[in-house]
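Analysis of the macromolecular model
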Amino acid sequence: MASALVIGMGVVAYQSILTLAKNPYTASSTYEFLAELDSSLSAIKNAETATRGYIITGDDAFLSPYHATVVHIDDHLKHLNALSARNPDEQSWVSAFESKARERLKLLGRIVDLENRKEVDAAKNLLATSLPKEAPDDIQVYVAAMQDQKNEILKQQVEASEANTREAMLKVSGLILFIVILLYLVYRLIRHDMALHGHLVTALATTRDAALESAHLKSEFLANMSHEIRTPMNGVIGMTELLLDTPLTVEQRKRVGTIRICGETLLTIINDILDFSKSEVGCLKFETLEFDLNAAVENVLQLLSSRARKQKFTLDHLVRDDVPVLLRGDSTRLQQVLLNLLGNAIKFTAHGMVNLQVINEDETETHALLRFEVKDTGIGMSEEQISRLFQPFTQADASTTRKYGGTGLGLAISKKIVELQGGTIGVESFPGRGSTFWFTLRFEKQPGDAVIVSSLPTKLPESPVPPELSFKDARILVVEDNDVNQEVISSQFQKLGCTVDVAGNGTTAIAALAKRKYDIIFMDCQMPMMDGLEATAEIRKKEGAATHTIIIAMTAHALLDEREKCLAVGMDDYLSKPVRFQDLVAKLKRWLPQNGGSLLLKNGNETSQNDFDLDSGENHKSDPFNVDMECIRTVFEGTEEHVRKRIDLYQRQTAQMLNELQSAILAHDTVEVGLITHKAIGCNLTCGMVSVVPHFKTLDQMARNANWEDAPATTSRIKEEFEKITHFLDRYLKKHSILQNHENSNR
């Protein structure tokens with residue numbers, strides 16, 4: 001209402017101003033018209049005087065004013081017409097004046113013409129009869145009359161302007177008075193509303209407290225129930241795992257597998273509800289403990305790797321070389337967020353890859369701000385779908401739950417965890433082009449932390465390396481898809497002082513090479529998504545003739561044509577698995593010029609004597625069931641904790657591959673059997689477990705020949721060998737522990 005009154009007051013004031021402005025403009029126009037009329041009359045009078053002087057004296061010098069009037073009379077008349085264009089009365093006056101002016105100039109022209117023809121008497125006679133001095137000037141009389149009328153009109157306009165001004169002032173004053181009265185009434189009304197508002201606030205506060213108490217009790221009940229349900233669910237899942245390890249028919253195994261999957265899904269839902277309930281009642285707690293970032297990331301990837309393999313795409317990760325990895329914070333909550341984001345990426349990616357990158361965004365002496373990015377090549381999302389994310393019980397598409405499963409709580413919980421720790425979380429996505437989920441968290445650095453350049457633990461308490469075998473300035477990229485092989489080969493390089501990055505396939509290797517320069521790339525040949533041969537060809541294509549990065553093949557195949565394939569695509573050298581420590585030293589000496597080596601052409605004939613030394617293990621030092629002790633001593637050395645960790649990693653990796661292999665055989669999936677057996681052969685050769693390698697080779701050949709009937713028996717033999725290996729490793733660990741304790745006591 002107040003706005004309407006102010007607008008009304010403005011309209012009245014504006015109209016008054018227009019009236020006041022219009023009258024001065026009209027007066028100004030009147031004065032200009034009279035001035036121009038007087039100027040025109042003066043011009044005509046000057047022409048008449050000039051003509052009289054010419055007739056009397058005969059001197060044509062008197063005619064200059066006459067000629068000037070004849071030339072400029074049209075300009076005067078046009079100006080008068082323009083000034084009177086809006087006034088019909090003035091136009092009639094100007095028209096009459098123009099007629100008289102032109103008639104007078106025409107008469108003067110005739111007189112001048114008679115004088116020019118020497119008819120002096122006729123000219124004087126015409127001048128005396130037409131323009132007698134004593135006769136009144138008709139033009140001047142007419143102009144005087146026009147001026148009198150104009151002055152009367154101007155007087156009327158001034159009087160009208162004064163009247164309008166008084167009226168406008170009265171209107172504005174009345175409106176101001178009305179507004180003052182209205183503002184007083186509004187003030188009284190606001191005071192009344194404020195009093196009423198105070199009563200409402202008190203009532204709402206009481207209602208709010210009751211609602212919060214009710215929500216707290218409800219969430220607490222839900223949290224307690226979720227916790228109670230989890231205990232029997234863990235029992236159900238555990239019993240199905242034990243049941244799957246017993247002899248079962250194909251149909252029984254399928255049904256038990258379905259029970260396990262359903263149980264795990266239900267447990268995930270219960271865990272989500274429990275965490276969400278805790279966050280709703282403010283019970284999410286955060287710890288500040290020392291942890292290794294690499295170990296935390298590896299734990300998450302190991303939990304999800306089997307899901308990625310089932311969907312036949314690669315789960316990669318890269319911890320940038322400037323990221324500090326020895327941190328203080330809540331690693332459990334960090335892993336929970338990573339599990340949610342990576343699990344979603346795997347769920348919505350049918351083919352391609354899922355990649356995790358850890359980036360150092362900002363760092364001080366005591367803290368580091370890390371950015372975690374989870375990229376996938378999945379279905380992607382539209383802007384409208386993105387706007388609905390991070391809300392509880394909400395997914396991007398209403399059909400998502402039916403098609404992909406889930407509660408819609410994972411992202412909401414992740415957002416709570418990140419933001420309660422002072423971080424931020426977001427997503428970038430396009431339909432059909434995948435998504436990138438990211439979040440940032442600030443961690444405290446452990447005292448004395450050094451930057452560790454690898455996605456695997458690097459500070460290994462192993463036996464010292466002689467100074468002549470140190471390659472501390474070498475930057476190495478290991479491209480290998482097997483976790484055990486990544487751990488072993490990277491550790492061997494790190495023991496030599498090298499800076500090591502790890503890539504899980506060719507695509508990730510190409511991306512890493514685009515960001516930094518490496519001295520040597522050790523490339524596995526067979527990998528998912530993009531194998532080593534394809535990756536090498538792509539690298540050589542991108543490099544062109546300007547640069548050349550040394551690439552050394554690593555493969556479990558010992559055939560001569562395999563080496564030729566590697567060299568043909570642009571690789572520089574070749575290593576057979578198992579990759580021994582002395583082989584790596586030899587390759588580094590050969591291909592790093594600063595260490596006394598020589599850069600040979602990639603088609604050179606020099607090779608290591610171990611390049612093609614691959615067989616079933618008969619020629620290696622072994623125990624009765626054939627193991628390679630040289631490899632074992634290389635792989636499983638260090639402190640007891642370190643040895644135990646590597647043995648556990650090998651056993652878990654092999655057990656997982658056996659389970660996947662059994663499923664692939666039941667499904668008669670030749671391609672999957674080939675991928676798993678290749679990975680298993682490389683893993684066991686690297687770790688020195690050569691006794692099981694021939695059985696994996698036999699199984700691979702059976703799958704190629706579609707001999708599925710004999711495959712279960714070969715799988716059983718592999719399991720028997722694996723049990724022997726497990727017992728052997730247990731004895732090895734005990735012996736290693738005794739020897740280490742003895743060494744410590746002697747010190």
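As the structure is a computational prediction, the values presented were derived from the model and not from experiment.

Below, the discussion takes up the overall build of the chain. Tallying secondary structure elements over the chain gives 21 helices and 12 strands in all. When burial is assessed residue by residue, the chain has 47% of its 747 residues classed as buried. Considering only contacts within the chain whose residues lie at least 6 apart along the sequence, 73% involve residues at least 24 apart.

What follows covers unusual backbone geometry. Here lysine 118, not a glycine, exhibits a phi torsion of approximately 70 degrees, which is positive. Mapped onto the secondary structure, lysine 118 falls in the loop between α3 (88-116) and α4 (120-130). With a relative accessible area of 70%, lysine 118 lands in the exposed category. At alanine 706, a position not held by glycine, the phi torsion is positive, near 60 degrees. When you line up the elements, alanine 706 lands in the loop between α20 (693-704) and α21 (711-746).

Two strands pair when backbone bridges link them, and strand β6 (residues 424-429) and strand β7 (residues 435-445) are joined in this way by six bridges, in the antiparallel orientation. Residue pairing for β7: glutamate 428 is matched across the bridge by threonine 436.

Attention now goes to the confidence of the model for the chain. The predicted model of the chain averages 76 in pLDDT, with 75% of residues at 70 or higher. When the criterion is pLDDT under 50, residues 595-624 qualifies, and its contacts beyond four places in sequence or with other chains add up to 59 contacts.

It is the contact of α3 with α4, at a shortest axis distance of 7 Å, that shows an interaxial angle of 160 degrees. On the basis of the axis angle, α3 is roughly antiparallel to α4. Where α3 crosses over α4, the two elements pack in a sense that is left-handed. Contacts between α3 and α4 pair Leu107, Arg110, Ile111, Leu114 and Glu115 from the former with Val120, Ala122, Ala123, Leu126, Leu127 and Ser130 from the latter. Residue composition of the contact of α3 with α4, by class: eight nonpolar, one polar and two charged.

Quick look at the pattern of salt bridges now. In the structure shown here, the tally under the stated rule is 25 salt bridges. Note that glutamate 48 and arginine 52 form a salt bridge whose closest N and O atoms lie 3.5 Å from each other. Within this pair, glutamate 48 and its partner arginine 52 are both found in helix α1 (residues 2-57), separated by four residues, close to a single helical turn. You'll find glutamate 48 and arginine 52 in the same group, each marked buried. Between glutamate 419 and lysine 415 there is a salt bridge whose closest N-O contact spans 2.9 Å. Remark: lysine 415 and glutamate 419 occur in helix α11 (residues 410-420); sequence separation between them is four residues, near one turn of the helix. Note on lysine 415: relative accessible area 26%, which makes it partly exposed.

With that out of the way, let us pick up the packing of helix α12 (residues 483-495) against helix α16 (residues 581-591). Between α12 and α16, whose axes approach to 10 Å, the crossing angle comes to 60 degrees. Comparing the axis directions of α12 and α16 gives the class oblique. When you trace α12 past α16, the crossing you get is right-handed. Contacts from Gln492, Phe493 and Lys495 in α12 reach Phe581, Leu584 and Leu588 in α16. Of the residues in the contact of α12 with α16, the class split is four nonpolar, one polar and one charged.

On the surface, Leu177, Ile181, Tyr184, Leu185 and Tyr187 cluster together to form a nonpolar patch covering roughly 550 Å² of accessible area. As for its placement among the helices and strands, tyrosine 187 is situated in helix α5 (residues 138-244).

A word on the packing of aromatic side chains. Within the structure shown, the criterion is met by four aromatic pairs. Between the aromatic rings of phenylalanine 493 and phenylalanine 522, the centroid separation amounts to 4.7 Å while the plane-to-plane angle is 50 degrees, which identifies the pairing as tilted. Taken together, the residues span a long stretch of sequence, with phenylalanine 493 in helix α12 and phenylalanine 522 in strand β10 (residues 520-524) at a distance of 29 residues. The two residues phenylalanine 493 and phenylalanine 522 agree in class, both being buried. Over the ring of phenylalanine 430 we find arginine 433, and its NZ or CZ is 4.7 Å from the ring centre.

Core analysis: the biggest nonpolar cluster contains 44 residues, and Leu293, Leu334, Leu342, Leu370, Phe372 and Phe439 have the highest contact counts within it. If you look at the next biggest cluster of nonpolar residues, it comprises 40 residues, including Phe636, Leu661, Val673 and Phe696.

For threonine 366, the position within the fold is in the loop between β4 (353-363) and β5 (367-376). Of the residues examined, threonine 366 reaches a relative accessible area of 44% and is grouped as partly exposed. Separated by 79 residues in sequence, threonine 366 and lysine 445 have C-alpha atoms that sit 5.4 Å apart.

Across the sheet, which stays open at both edges, the five strands sit in the order β9-β8-β10-β11-β12 with parallel pairing between neighbours. Among the strands making up the open sheet, the edge pair consists of β9 (499-503) and β12 (573-576). Here the strands of the sheet are splayed against their neighbours by 20 degrees on average, with no regard to which way each runs. Relative to β12, strand β11 (residues 550-555) is paired through four bridges, and the arrangement is parallel. Each residue of the ladder has a partner; that of alanine 553, found in β12, is tyrosine 574. Most of the contacts of helix α14 (residues 532-543) go to β10, to which it runs at about 145 degrees, and overall it touches β10 and β11. Against the sheet, α16 engages β8 (475-479), β10, β11 and β12, with an angle of about 175 degrees to β12.

With nine of its 11 residues buried, β7 lies for the most part within the structure. When strand β3 (residues 326-329) meets β7, the two strands line up antiparallel, connected through two bridges. Looking at the pairing, leucine 327 lines up with lysine 445 of β7. Pairing between β5 and β7: nine bridges, direction antiparallel.

A few words on the side chain of aspartate 573. Inspection of the secondary structure puts aspartate 573 in strand β12. Taking relative accessible area as the criterion, aspartate 573 reaches 2% and is therefore assigned buried. There is a polar contact of 2.5 Å between the side chain of aspartate 573 and the side chain of arginine 590.

Calculation criteria
Residues numbered from 1 in each chain as written. Predicted model: local features only at pLDDT ≥ 70, side-chain atom pairs only at ≥ 80, totals over all residues. Heavy atoms only, no water. Helix = DSSP H or I, 4+ residues; strand = E, 2+ residues; numbered from the N terminus. Buried < 20%, exposed > 50% of the residue type's maximum accessible area, 1.4 Å probe, protein only. Contact = heavy atoms within 4.5 Å. Pairing = 2+ DSSP bridges. pLDDT = per-residue confidence, 0-100. Axes fitted to C-alpha atoms, helices over the stretch in contact; angles between N-to-C directions. Parallel < 35°, antiparallel > 145°, perpendicular 65-115°, else oblique. Left-handed = near helix turned anticlockwise from the far one by under 90°. Nonpolar A, V, L, I, M, F, W, Y, C, P; charged D, E, K, R; others polar. Salt bridge = Lys/Arg side-chain N within 4 Å of Asp/Glu carboxyl O. Patch = residues over 30% accessible without salt bridge, like charges linked within 9 Å, V, L, I, M, F, W, Y side chains within 5 Å. Areas by Shrake-Rupley, 256 points an atom, 1.4 Å probe, with all protein chains shown as cover. Phe/Tyr/Trp six-rings, centres within 6.5 Å; stacked < 30°, edge-to-face > 60°. Lys NZ or Arg CZ within 6 Å of the ring centre and 35° of its normal. Core = buried A, V, L, I, M, F, W, Y, C linked by side-chain atoms within 4.5 Å. Polar contact = N/O pair within 3.5 Å; in protein donor to acceptor, adjacent residues only side chain to side chain.

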